[in-house]
Amino acid sequence: MDVIDLRSDTVTWPTEAMRQAMAYAPVGDDVYGEDPTVNALEAEAAALLGKEAGLFVASGTMGNLTAALTHCGRGDEMIVGREAHMFRYEAGGSAALGGIHPHILDVQPDGTLPLEAIRRAIRGDNDHFPRTRLICLENTQGTIGGIPITAEYTAQVGALAREHGLKLHIDGARIFNAAVALGVPASQLVADADSVSFCLSKGLCAPVGSVLVGSHAFIRRARRVRKSLGGGMRQAGVLAAAGLVALRTMIDRLVEDHANACALAEGLAALPYIEIDGSRVRTNMVFFDLAQDAPIAPAALADRLRHEYHILLRPYPGYTHKFRAVTHYWVTRAHIEQTLEAMRALLT
Ligand SMILES: *Cc1c(COP(=O)(O)O)cnc(C)c1O
């Protein structure tokens, strides 16, 4: 990359190995189930997450939407975090396209929805109420800092769901960041989930795509929903080939991104006018605030980083003084040092 792009891990380019694999991928018509590379990706993704089957989808948003529409009918209710991507950043798709009523709960600083709040949110049998069908968790919880949530907590939510005949979906866009940070296999973090969606295109560097996994029966129904959303792709093996490289080679190295995030947080904490809680840097995200009395305004800081240092880092959308830096494959330790040098120059 010709810039240091800390805006998100969605900006990652495919690696050289991915471009090679894409060029020579065996392909077929995936709507007929005949693309060997897509089939291999779906099988490997399912195995990695301990589920029976997988479904390659165009994006994380499509994975979550397909899951919600497969689990819920019109007028059904899903319990979801107010800070969750599914509620905040998916254009209201589950309501617009599925008629699904969201029941919003506040996400705690540790990324969880309180068990008691979930229990209270589950509707009784009464003509006045929508029917509760689905509980959605997010791991890592992105908007509050990329916080990983534990297998123990997820198991408790899974038990609650089973007790009430509900389904559990995990938006695991960054589930492998959570697994690496917690030192447990991703399959353990989603053992209690009926469905999981994860992104190939963020820290894992594939150019496009997510995989939705679950039981054979769930994925069979989800395939039809994906088709109805326009997501039945044909020679998609060209894309899935990069996903296979991602699964086989890009997961374990996420520790480097986490170490770089820690290094960035430590360096920032030593700078004037920066407010940061380093204890909240758990994976590849660093949130920090620029003090109100800083000698430079947030927008001007972002502008000067871009134009004078080729560093892309900007206020978090919806906030004025809060920044989010995300580390990934294309951000090296040297880039972290350069970023800290630039910030020091602009703040002192
Ligand atoms: C990025 C993200 C998604 C959606 O992924 P897209 O591929 O951008 O649609 C869903 N959930 C979370 C938590 C994400 O961070």
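Thresholds, definitions, all that
Residues numbered from 1 in each chain as written. Predicted model: local features only at pLDDT ≥ 70, side-chain atom pairs only at ≥ 80, totals over all residues. Heavy atoms only, no water. Helix = DSSP H or I, 4+ residues; strand = E, 2+ residues; numbered from the N terminus. Rg over C-alpha atoms; globule rule 2.2 N^0.38 Å. Buried < 20%, exposed > 50% of the residue type's maximum accessible area, 1.4 Å probe, protein only. Contact = heavy atoms within 4.5 Å. Lys, Arg positive; Asp, Glu negative; His and termini not counted. Charge placed at Lys NZ, Arg CZ, Asp CG, Glu CD. Domains from an automatic or database assignment. Buried area = accessible area lost by both parts, 1.4 Å probe. Salt bridge = Lys/Arg side-chain N within 4 Å of Asp/Glu carboxyl O. Nonpolar A, V, L, I, M, F, W, Y, C, P; charged D, E, K, R; others polar. Pairing = 2+ DSSP bridges. Axes fitted to C-alpha atoms, helices over the stretch in contact; angles between N-to-C directions. Phe/Tyr/Trp six-rings, centres within 6.5 Å; stacked < 30°, edge-to-face > 60°. Lys NZ or Arg CZ within 6 Å of the ring centre and 35° of its normal. Parallel < 35°, antiparallel > 145°, perpendicular 65-115°, else oblique. Left-handed = near helix turned anticlockwise from the far one by under 90°. Near = heavy atom within 4 Å. Polar contact = N/O pair within 3.5 Å; in protein donor to acceptor, adjacent residues only side chain to side chain. Areas by Shrake-Rupley, 256 points an atom, 1.4 Å probe, with all protein chains shown as cover. Expected span 1.5 Å × (residues − 1). Arc of directions from axis to C-beta.

*Asks:* What should I look at first to understand the overall build of the chain in this one?
*Replies:* Secondary structure assignment for the chain yields 14 helices and 12 strands. Whereas a compact globule of 348 residues would reach a radius of gyration of roughly 20 Å, the chain reaches 21 Å, a difference of no more than 12%. Projected onto its principal axes, the C-alpha positions of the chain cover 60 × 55 × 35 Å. Burial analysis of the chain (348 residues in total) assigns 55% to the buried set. For the chain, restricting intrachain contacts to residue pairs at least 6 apart in sequence, the fraction spanning at least 24 positions comes to 74%. Taking the average location of the 33 positive side-chain charges in the chain and that of its 38 negative ones, the two points are 5 Å from each other.

*Asks:* How should I be thinking about the domain arrangement of the chain in this particular structure?
*Replies:* Assigned domains within the chain: domain 1 (14-249) and domain 2 (253-347). The distance between the C-alpha centroids of domain 1 and domain 2 comes to 29 Å. Each partner contributes to the interface: domain 1 provides 22 residues, whereas domain 2 provides 13 residues. Here domain 1 and domain 2 share an interface that buries about 1600 Å² over both sides, 57% of which is from carbon and sulfur atoms. Per-residue buried area on domain 1 facing domain 2 is highest for Gly145, Asn177 and Val180; these three make up 26% of the total on that side. Where domain 1 meets domain 2, there are 0 salt bridges. Of the residues assigned to the side of domain 1 that touches domain 2, the class counts are 12 nonpolar, 9 polar and 1 charged.

*Asks:* Just to check I follow, could you spell out the sheet that holds strand S10 (residues 285-290) for this structure?
*Replies:* In a beta sheet, neighbouring strands pair by backbone hydrogen bonds and run either parallel or antiparallel. The strand order across the open sheet formed by 3 strands is S9-S10-S12, and the pairing between neighbours is antiparallel. Two strands close off the open sheet at either side, each with one partner strand: strand S9 (274-275) and strand S12 (322-326). In the sheet, S10 pairs with S12 via 5 bridges, with the strands oriented antiparallel. Across the sheet, residue Phe288 finds its bridge partner in S12, namely Phe323. Taken strand by strand, helix H12 (residues 254-269) contacts S9, S10 and S12, and its axis lies near 15° from that of S10.

*Asks:* Would you mind showing me how to read the packing of aromatic side chains here?
*Replies:* Aromatic ring pairs are defined here through the distance separating the ring centres and the angle between the ring planes. Applying the stated criterion to the full structure yields 6 aromatic pairs. Relative to Trp330, the ring of Tyr329 lies with its centre 5.1 Å away and its plane at 85°, an arrangement referred to as edge-to-face. Of note, Arg123 hangs over the ring of Phe129, and the distance from its end group to the ring centre comes to 5.5 Å. Over the face of the ring belonging to Tyr319 we find Lys322, whose NZ or CZ atom lies 5.7 Å from the ring centre.

*Asks:* Which parts of the structure should I look at to understand the packing of helix H2 (residues 36-48) against helix H11 (residues 237-249)?
*Replies:* To describe two helices that pack against each other, one gives the angle between their axes and the distance between the axes. Contact pair H2 / H11: the axes reach a minimum separation of 8 Å and the direction vectors enclose 30°. Put simply, H2 runs roughly parallel to H11. Between H2 and H11 lies a crossing of left-handed hand. Residue-level inspection shows Thr37, Val38, Ala40, Leu41, Glu44, Ala45 and Leu48 of H2 in contact with H11, the latter providing Gly237, Ala240, Ala241, Gly243, Leu244, Leu247 and Arg248.

*Asks:* What am I meant to see in the site of the ligand here?
*Replies:* Taken together, Ser59, Gly60, Thr61, Asn64, His85, Glu90, Glu138, Asp171, Ala173, Arg174, Cys199 and Lys202 make up the full set of residues near the ligand. A distance of 2.6 Å separates a nitrogen atom of the ligand from a polar atom in the side chain of Asp171. Contacts to the ligand include Lys202, whose side-chain N or O atom sits 2.6 Å from an oxygen atom. The fraction of the free accessible surface of the ligand (380 Å²) that becomes covered by protein chains is 83%. With 3 residues, the top contributor of residues to the shell around the ligand is helix H3 (residues 60-71). Here the residues of the shell around the ligand sort into 2 nonpolar, 5 polar and 5 charged.

*Asks:* What is the right way to read unusual backbone geometry from this model?
*Replies:* It is generally the case that most residues other than glycine have a negative phi and that most peptide bonds are trans. In the segment running from Asn139 into Thr140, the intervening peptide bond is cis, with an omega of 0°. Tracing the sequence through the fold places Thr140 in the loop between strand S5 (131-138) and helix H7 (151-163). At Ala91, a position not held by glycine, the phi torsion is positive, near 55°. Looking at the element boundaries, Ala91 is found in the loop between helix H4 (85-88) and helix H5 (93-98). Since its relative accessible area comes to 79%, Ala91 is described here as exposed. For Tyr273, which is not a glycine, the phi torsion comes out positive at approximately 70°. Residue Tyr273 is classed as partly exposed on the basis of its relative accessible area, which comes to 33%.

*Asks:* Whenever I open this one, helix H14 (residues 333-347) confuses me. Can you help?
*Replies:* Side chains that are three or four residues apart share a direction in an α-helix, a result of its 3.6 residues per turn. Compared with an ideal rise of 1.5 Å per residue, which puts 15 residues at 21 Å, H14 spans 21 Å between its outermost C-alpha atoms and is within 8% of the ideal. Regarding H14, the residues found buried are His335, Ile336, Thr339, Leu340, Ala342, Met343, Leu346 and Leu347. Angular distribution of buried residues about the axis of H14 spans 160°; they occupy a single face of the element. Of the surrounding secondary structure, the elements contacted by the buried residues of H14 are strand S1 (4-5), H12, S9, S10, helix H13 (298-309) and strand S11 (311-312).

*Asks:* Explain the environment of Arg174 to me, please; I cannot follow it from the model alone.
*Replies:* Its place among the elements puts Arg174 in the loop between strand S6 (167-171) and helix H8 (175-182). Residue Arg174 is classed as buried on the basis of its relative accessible area, which comes to 9%. A sequence separation of 33 residues divides Arg174 from Gln141, and the C-alpha atoms of the two residues are 8.4 Å apart. What Arg174 contacts, discounting residues up to four positions off in sequence, is Ser8, Asp9, Asn139, Thr140, Lys202, Asn284 and Met285.

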